[in-house]
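Observations on the model geometry
Listed below are the residues making up each chain.
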Amino acid sequence: MSKKDKQAPQEKPKAPLVVERVSVDELRLDPRNARLHPERNLTAIRASLERFGQQKPIVVKKDGTVVAGNGTLEVARQLGWTHVDVVRTELDGAAAAAFAVADNRTGELSEWDVNALIETLKGAAEGGDAVPGFTQHDVEMLLKDDWHVEPKEKVEPGEVKDITFKVIIDGVSHEDRENVVAAIGALLAEKFPRYSVAAF
């Protein structure tokens, strides 16, 4: 039989996701969850649930352990909710843990379209609404005219474009300045590995 005659193995169709409404008492937070939920994050989740309700299900394993949505379950309990919507995954063990990390990491790797974000926040502000996760100070800073971002220039492979910005840091002594600047440069390099970052 020639290679052309060979057919690739057909992937077994996966069952459709089924949303269930279950008691919060049937679920448990992942004790090995690598994602932390500081108070600022929980406050944003709380504001979102109070305003919009639960708009996407929590992902749980067959035994009720949360894989994705630990923060949502934690806040739902704080709000006194008795039930939440979930979908159960077939993943378990290392695969479930890897998915939990991937679910968070893929979101981190996305980027804001700043102009579209500004328009959305502006519309919400004009309507008297607050967007969960953005403080009033955040909104005021973003709505300043000098935050407007022009469309990105096309950069050819190998071409270098310099982008300069200023960071104002209060309360840092002259002796610590170099250490602080170096730390900022390291954080930027880690956050944006596609770019060459020089802090000075």
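A brief structural summary. Along every chain, residues carry numbers that run from 1 in the direction the sequence is written. For this predicted model, a pLDDT threshold of at least 70 governs which residues receive local features, and a threshold of 80 or more governs which side-chain atom pairs are given and counted, while totals over whole chains, interfaces and linings are taken from all residues. Side-chain measures were taken over the full set of non-hydrogen atoms in the model, leaving aside hydrogen atoms and water.

1. Points about the environment of N104
Within the secondary structure, N104 sits in helix 3 (residues 93-108). Residues N104 and A34, 70 residues apart in the sequence, show an inter-C-alpha distance of 9.6 Å. Polar side-chain contacts of N104 include one of 3.0 Å to the backbone oxygen of A100. The secondary structure listing takes helices from DSSP runs of H or I that are at least 4 residues long and strands from runs of E that are at least 2 residues long, numbered from the N terminus. We define a polar contact as two N or O atoms separated by no more than 3.5 Å, with the added condition that, inside protein, one atom must be a possible hydrogen donor and the other a possible acceptor, whereas residues neighbouring each other in sequence contribute only through side-chain atom pairs.

2. Considerations on the pattern of salt bridges
Each reported salt bridge corresponds to a side-chain nitrogen of Lys or Arg within 4 Å of a carboxyl oxygen of Asp or Glu. Scanning all chains against the criterion turns up 9 salt bridges. A salt bridge links R21 to D85, with the nearest nitrogen and oxygen atoms 2.7 Å apart. Highlighted residues: R21 in strand 1 (residues 19-23) and D85 in strand 4 (residues 83-88), separated in sequence by 64 residues. Relative accessible area decides the class of each residue, using a 1.4 Å probe on protein chains only: under 20% of the type maximum gives buried, over 50% gives exposed, and in between gives partly exposed. With a relative accessible area of 63%, R21 lands in the exposed category.

3. Some words on the packing of helix 1 (residues 39-52) against helix 2 (residues 70-78)
Helix 2 packs onto helix 1 with a crossing angle of 65 degrees between their chain directions and a minimal axis gap of 9 Å. In terms of orientation, helix 1 and helix 2 fall into the roughly perpendicular class. The interaxial crossing formed by helix 1 with helix 2 has right-handed handedness. Where helix 1 approaches helix 2, its residues L42, I45, R46 and L49 are matched on the opposing element by G71, T72, E74, V75, A76 and Q78. Partitioned by chemical class, the residues of the contact of helix 1 with helix 2 number 5 nonpolar, 3 polar and 2 charged. Helix axes are fitted only over the stretch in contact, all axes being lines through C-alpha atoms; the angle between N-to-C directions runs from 0 to 180 degrees. For classification, angles of less than 35 degrees are called roughly parallel, those exceeding 145 degrees roughly antiparallel, those between 65 and 115 degrees roughly perpendicular, and all remaining angles oblique. In a left-handed crossing the near helix is turned counterclockwise from the far helix by less than a right angle, and in a right-handed crossing that turn is clockwise. Contact definition: two residues touch when any of their heavy atoms are within 4.5 Å. Under this grouping Gly is polar, as are all residues other than the nonpolar Ala, Val, Leu, Ile, Met, Phe, Trp, Tyr, Cys and Pro and the charged Asp, Glu, Lys and Arg.

4. Here we look at helix 1
Multiply 1.5 Å by the residue count of a helix minus one, and that product is the helix's expected span. Between its terminal C-alpha atoms helix 1 stretches 20 Å, which fits the 20 Å expected from 14 residues at 1.5 Å a residue. Packing partners of the buried residues in helix 1 comprise helix 2. Once helix 1 finishes, G53 follows within two positions and takes phi at roughly 80 degrees, a positive value.

5. Side note on the side chain of T65
Summarising the element assignment, T65 is placed in the loop between strand 2 (58-60) and strand 3 (66-68). Note on T65: relative accessible area 2%, which makes it buried. A polar contact of 2.9 Å, which involves the side chain of T65, links it to the side chain of R28. Ignoring sequence-local partners within four residues, the contact set of T65 consists of R28, D30, V59 and V60.

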